[in-house]
Structure formats: C-alpha cells, structure tokens
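Geometric and topological summary
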Amino acid sequence: QVQLVESGGGLVQAGGSLRLSCAASGSGSIDRINVMGWYRQAPGKQRELVASATSGGSTNYADSVKGRFTISRDNEKNTVYLQMNSLKFEDTAVYYCHMLIGRGIFNSNYWGQGTQVTVSS
C-alpha cells in the first residue's frame, strides 16, 4: 500500500522561504514514479498545480511561482521537494503532494494529506 507523507509546512513572513518534502512509502508496490508534483488549494479556490517533475527530467511551473519555487526529486528515496523562496501572502494555501505511480502495466494517482503554508504579510 502506497502512502505519501508530507512535511515542511508552517508559518512564515512574506519574503521568507520554506521547503516542503513528500516521501512515498510502500516501495514494494512501486515500480516507477512517472510524475511527482505539488498542488495547492486556498480557501474558496480550486486546487491548482504549483509544480511538477517527470521521470524524464521535465519540470513545469505555474506562472505565479516561476522564478521563486523549485521542484526537485530524489528517485532513490521516492521523495519530492518544493523549495519556496520569496514567499508572498497569496501563496498561503494547503499544499498537496501528488505522484503518478506505476506498478506493472497500471498507473495510479496518489495524494498526500496536505500541509498548511501560511504567509503573513
């Protein structure tokens, strides 16, 4: 059984930095992790993609975070990171880790439990 466990959220002042981590457990059920990514959901808003990284090395960022956030992945540890710099009040949201994990011929979506990021202005 695969589970995603997130850490690293918290309260930070505008202009500050945070680093989120998300590790997938249950390595016996993982053949490959095709995509690792981060989404966020602010109160009253839809969940949106923040950043993603494929197994081939491609990355994708929301326009609102380009130049400030960096996604990276450690494939040996089945872990994805999100380094967030120059945080703004509007980055306040619950951040969710997402992984598209393959086992055999099947691919499945997994989500973390969410971690709160609060940026004070």
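Residues numbered from 1 in each chain as written. Predicted model: local features only at pLDDT ≥ 70, side-chain atom pairs only at ≥ 80, totals over all residues. Heavy atoms only, no water.

Attention now moves to the nonpolar core. As a rule of thumb, nonpolar side chains are buried together in soluble globular proteins. If you look at the biggest cluster of nonpolar residues, it comprises 31 residues, and the most contacted ones within it are Trp38, Leu82, Met84, Tyr95 and Met99. Secondary structure elements with two or more residues in this core: strand 3 (18–25), strand 4 (32–41), strand 5 (48–54), strand 7 (69–74), strand 8 (79–84), strand 9 (93–103) and strand 11 (115–120). In contact with leucine 82, other than residues within four places in its own chain, are Leu18, Arg19, Leu20, Trp38, Val50, Ala51, Phe69, Thr70, Ile71 and Tyr95. (Core = buried A, V, L, I, M, F, W, Y, C linked by side-chain atoms within 4.5 Å. Buried < 20%, exposed > 50% of the residue type's maximum accessible area, 1.4 Å probe, protein only. Helix = DSSP H or I, 4+ residues; strand = E, 2+ residues; numbered from the N terminus. Contact = heavy atoms within 4.5 Å.)

Bringing the pattern of salt bridges into the picture now. This model, assessed by the stated rule, comprises four salt bridges. Between aspartate 91 and arginine 40 there is a salt bridge whose closest N-O contact spans 3.0 Å. A residue pair is termed long-range when its members are at least 10 positions apart, and aspartate 91 in the loop between strand 8 and strand 9 and arginine 40 in strand 4 qualify at 51 residues. The partner of lysine 66 in a salt bridge is aspartate 63, with the nearest N and O atoms 3.1 Å apart. As far as burial versus exposure is concerned, lysine 66 and aspartate 63 are alike and both exposed. Connected through shared salt-bridge partners, Arg40, Glu48, Arg68 and Asp91 make up one network. (Salt bridge = Lys/Arg side-chain N within 4 Å of Asp/Glu carboxyl O.)

Here we come to the sheet that holds strand 8. The four strands are arranged 1-3-8-7 in an open sheet whose pairing can be described as antiparallel. Strands with a single pairing partner mark the edges of an open sheet, and in this sheet they are strand 1 (3–7) and strand 7. Averaged over all neighbouring strand pairs, the angle between strand axes comes to 15°, with direction disregarded. Taken together, the five bridges between strand 1 and strand 3 define a ladder with antiparallel strand orientation. Among the inter-strand pairings, glutamine 3 is bridged to a residue of strand 3, identified as serine 25. (Pairing = 2+ DSSP bridges. Axes fitted to C-alpha atoms, helices over the stretch in contact; angles between N-to-C directions.)

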